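What follows is the residue order along each chain.
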Amino acid sequence: MRTAQLNHPNSLDPISEIVAMLAHQINSPLSCILASAELSIRHVNDEIAVRKHCDNIIKCADMIRDLNKKILEIEKSCQFRTETIAPAALLDKCLDAFKDLYEVNHITVEKEYDCCPPLIRCNPFGLEQVFNNLILNALDAMSEVAYRRLLVAVKGDPGIGVVSIWIRDSGPGIPDNILSRIFLPNFTTKKSGNGLGLSICKYIVEKHHGKIEVVSRESRGTSFGIHIPVNNSPKIIDNPINDQGQRAAMEQETGLCHSY
Ligand SMILES: Nc1ncnc2c1ncn2[C@@H]1O[C@H](COP(=O)(O)OP(=O)(O)OP(=O)(O)O)[C@@H](O)[C@H]1O
Ligand SMILES: [Mg+2]
């Protein structure tokens, strides 16, 4: 196992980060709209199916409208407003928004949630962007493989004070020689990528005094772990993972681990 700490020589300043986020986050609901429109055309003779896909288009269009409203709010205050939420409910909301993409791309989604993980104090809008980015990256990665399984886990023990959210895909994995660069702004290996998703995730997770890590090996898939302190107290999480079994399983299955 290797652990790397990232120096961020070309980190974006917060205002640029917000502007980049605005441009970038519109892509997630837009992808869903495209998938739902494609499914509507495919099922044009099935009124119930078309209705379902149109509902999803409306939901995603609403997301874009909310996004603009919320980003303008963030820009105004230049700081995150926090709420107490159940992380699994927020993750479910994000997973649900992509459901037509799973159908179009033949992806199975599995969930492993602890029965009562603690609530967390966070900016739900910010964490939603983290989950959306990681889910979209996983979907992109799995387009390259035949076996497509997305596994999401929420692990948390009130005694330790950290909730861990894992998003794992069965994609091709991340090559060793780029693993240490994936969180850098503008780093991308995709033809149409901006290389902003993961740097935005890291920025938002750190705003919550949390950590993000990646466990990956070529041909064995990729797992991203997000570790958020329950009370959002400004402490460094040296050993954020209270679910050692979960981490060991990820390492065994996917190989290398880099913490940021
Ligand atoms: N789940 C994953 N599997 C394989 N590679 C990944 C995965 N997630 C990220 N990567 C790699 O990390 C790079 C950076 O990801 P990031 O989300 O920051 O940017 P992007 O997806 O390329 O573009 P953008 O998110 O701005 O549209 C990707 O181009 C890809 O090479
Ligand atoms: Mg991305």
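Since this is a predicted model, take the numbers as computed values, not measurements.

Parameters at a glance
Residues numbered from 1 in each chain as written. Chains lettered and ligands numbered in written order. Predicted model: local features only at pLDDT ≥ 70, side-chain atom pairs only at ≥ 80, totals over all residues. Helix = DSSP H or I, 4+ residues; strand = E, 2+ residues; numbered from the N terminus. Buried ≥ 20, exposed ≤ 12 C-beta atoms within 10 Å, placed from the backbone. Contact = placed C-beta atoms within 7 Å. Near = placed C-beta within 6 Å. Pairing = 2+ DSSP bridges. pLDDT = per-residue confidence, 0-100. Axes fitted to C-alpha atoms, helices over the stretch in contact; angles between N-to-C directions. Parallel < 35°, antiparallel > 145°, perpendicular 65-115°, else oblique. Left-handed = near helix turned anticlockwise from the far one by under 90°. Nonpolar A, V, L, I, M, F, W, Y, C, P; charged D, E, K, R; others polar. Expected span 1.5 Å × (residues − 1). Arc of directions from axis to C-beta.

### Comments concerning the overall build of the protein
Alright, step 1. Broken down by element type, the protein carries 9 helices and 8 strands.
Alright, step 2. Across the 260 residues that make up the protein, the buried fraction comes to 40%.
Alright, step 3. For the protein, contacts bridging at least 24 residues in sequence account for 79% of all contacts bridging at least 6.

### Remarks on the site of ligand 1
Alright, step 1. Taken together, 21 residues form the shell around ligand 1, and within it Ala 141, Thr 188, Gly 193, Asn 194 and Gly 197 come nearest.
Alright, step 2. Counting residues per element, the ones that place at least two in the shell around ligand 1 are helix H6 (124–142) and helix H8 (197–207).
Alright, step 3. At 4 residues, H6 tops the list of elements feeding residues into the shell around ligand 1.

### Some words on unusual backbone geometry
Alright, step 1. For His 106, which is not a glycine, the phi torsion comes out positive at approximately 55°.
Alright, step 2. Tracing the backbone shows His 106 in the loop between helix H5 (99–105) and strand S2 (108–113).
Alright, step 3. One non-glycine residue, Ser 219, lies in the positive phi region at around 70°.
Alright, step 4. Looking at the secondary structure, you find Ser 219 in the loop between strand S6 (211–216) and strand S7 (222–229).

### Remarks on the environment of Arg 148
Alright, step 1. As for its position among the elements, Arg 148 is in the loop between H6 and strand S4 (149–157).
Alright, step 2. In the structure, Arg 148 is positioned 22 residues away from Ser 170 in sequence and 5.7 Å away in space, judged by C-alpha atoms.
Alright, step 3. Excluding residues within four positions of it along the chain, Arg 148 makes contact with Asn 105, His 106, Ile 107, Thr 108, Met 142 and Ser 170.

### With respect to the pairing of strand S5 (residues 162–169)
Alright, step 1. Counting buried positions along S5 gives 8 out of 8 residues, so the element sits mostly inside the fold.
Alright, step 2. Every second residue of S5 is oriented toward a common face, with Val 162, Ser 164, Trp 166 and Arg 168 on one face and Val 163, Ile 165, Ile 167 and Asp 169 on the other, all of them buried.
Alright, step 3. Note that S4 and S5 share 8 bridges and pair antiparallel. Residue pairing in the sheet places Leu 150 in a bridge with Asp 169 of S5.
Alright, step 4. Direction of pairing for S5 relative to S7: antiparallel, over a ladder of 8 bridges. If you follow Asp 169 over to S7, its bridge partner there is Thr 222.

### So, the environment of Val 154
Alright, step 1. Tracing the backbone shows Val 154 in strand S4.
Alright, step 2. Taking the C-alpha atoms as reference points, Val 154 and Ala 88, separated by 66 residues in sequence, lie 6.4 Å from one another.
Alright, step 3. With residues up to four places along the chain from it excluded, the contact list for Val 154 reads Pro 87, Ala 88, Leu 91, Tyr 113, Asp 114, Pro 117, Val 163 and Ile 165.

### Focus on the confidence of the model for the protein
Alright, step 1. In this model, the protein carries a mean pLDDT of 81, and residues with pLDDT of at least 70 account for 76%.
Alright, step 2. Note on residues 234–244: pLDDT under 50 across the span, and 23 contacts to partners over four residues away in sequence or across chains.
Alright, step 3. Note on residues 253–260: pLDDT is under 50 here. Beyond four places in sequence and across chains, it has 42 contacts.

### Section: the environment of Ile 174
Alright, step 1. Among the secondary structure elements, Ile 174 is positioned in the loop between S5 and helix H7 (176–179).
Alright, step 2. Ile 174 sits 45 residues away from Ser 219 along the chain, and the two C-alpha atoms are 8.3 Å apart.
Alright, step 3. Contacts of Ile 174, omitting those with residues within four sequence positions, involve Leu 179, Ile 182, Ser 216 and Thr 222.

### Here's the deal with the packing of helix H4 (residues 87–97) against H6
Alright, step 1. At their nearest, the axes of H4 and H6 sit 9 Å apart, and the two run at 50° to each other. Judged by the angle between their axes, H4 and H6 are oblique. For H4 against H6, the interelement crossing comes out right-handed. Where H4 abuts H6, its residues Leu 90, Leu 91, Cys 94 and Leu 95 lie against Pro 124, Leu 127, Glu 128, Phe 131, Asn 132 and Ile 135.
Alright, step 2. A breakdown of the residues in the contact of H4 with H6 according to their chemical character gives 8 nonpolar, 1 polar and 1 charged.

### Details of the pairing of S7
Alright, step 1. Most of S7 sits out of view: 8 of its 8 residues are buried.
Alright, step 2. Examined bridge by bridge, S6 and S7 share 6 bridges and lie antiparallel to one another. If you follow Glu 213 over to S7, its bridge partner there is Gly 225.
Alright, step 3. With antiparallel pairing between neighbouring strands as the criterion, S6 and S7 make up a hairpin whose turn holds 5 residues, including Ser 219 at a positive phi of roughly 70°.

### Considering helix H2 (residues 27–42)
Alright, step 1. With 16 residues, H2 extends 22 Å between its outermost C-alpha atoms, agreeing within 8% with the 22 Å of an ideal straight helix rising 1.5 Å per residue.
Alright, step 2. Buried within H2 we find Ser 28, Pro 29, Cys 32, Ile 33, Ala 35, Ser 36 and Leu 39. In an axial view of H2, the angular spread of the buried residues amounts to 165°, which keeps them on one side of the axis.

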